[in-house]
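Listed below are the residues making up each chain.
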Amino acid sequence: MQQVRQSPQSLTVWEGETAILNCSYENSAFDYFPWYQQFPGEGPALLISILSVSNKKEDGRFTIFFNKREKKLSLHIADSQPGDSATYFCAASASFGDNSKLIWGLGTSLVVNP
């Protein structure tokens, strides 16, 4: 069973729209949820993260909404730009110090059309 699931697999939006990327997880012990952005030919780079004690985290145009009860979170990209076109990965871990292991989703491919 995929412990971290993402939807949709691919998403196309128009420039200026808000893109919404969804993530759900199984393990209630997970308490750290980073989102990564990956451009073609590059490795994933940390974009924004949230801890399970919060229900919202905002950084510029990027906002995570977190629902602990439903084990769901979403990444909202406001005022989407063509430069946001990339693959976005949701990950999760339980905080066990340096031994914590990230569990990755399969990613959402975002295309922003001008």
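Bear in mind the structure is a predicted one, so any value in this text is a computation, not a measurement.

Student: Got a minute to help me understand the environment of Ala-94 in this structure?
Tutor: You can see Ala-94 is positioned in the loop between strand 9 (86-92) and strand 10 (103-104). The class of Ala-94 is buried, set by a relative accessible area of 8%. Taking the C-alpha atoms as reference points, Ala-94 and Phe-33, separated by 61 residues in sequence, lie 9.1 Å from one another. Residue contacts for Ala-94: discarding those within four places in its chain leaves Ala-29, Phe-30, Asp-31 and Ser-100.

Student: I'm lost on the side chain of Gln-6 in this one. Help?
Tutor: Tracing the chain through its elements places Gln-6 in strand 1 (residues 4-7). A relative accessible area of 14% means that Gln-6 is categorised as buried. For Gln-6, the side chain forms a polar contact with the main-chain oxygen of Tyr-88, separated by 3.0 Å. Looking at Gln-6, its side chain comes within polar contact range of the main-chain nitrogen of Cys-90, at 2.9 Å.

So, how was this worked out
- Residues numbered from 1 in each chain as written.
- Predicted model: local features only at pLDDT ≥ 70, side-chain atom pairs only at ≥ 80, totals over all residues.
- Heavy atoms only, no water.
- Helix = DSSP H or I, 4+ residues; strand = E, 2+ residues; numbered from the N terminus.
- Buried < 20%, exposed > 50% of the residue type's maximum accessible area, 1.4 Å probe, protein only.
- Contact = heavy atoms within 4.5 Å.
- Polar contact = N/O pair within 3.5 Å; in protein donor to acceptor, adjacent residues only side chain to side chain.

What is shown is where atoms sit, not what they do.
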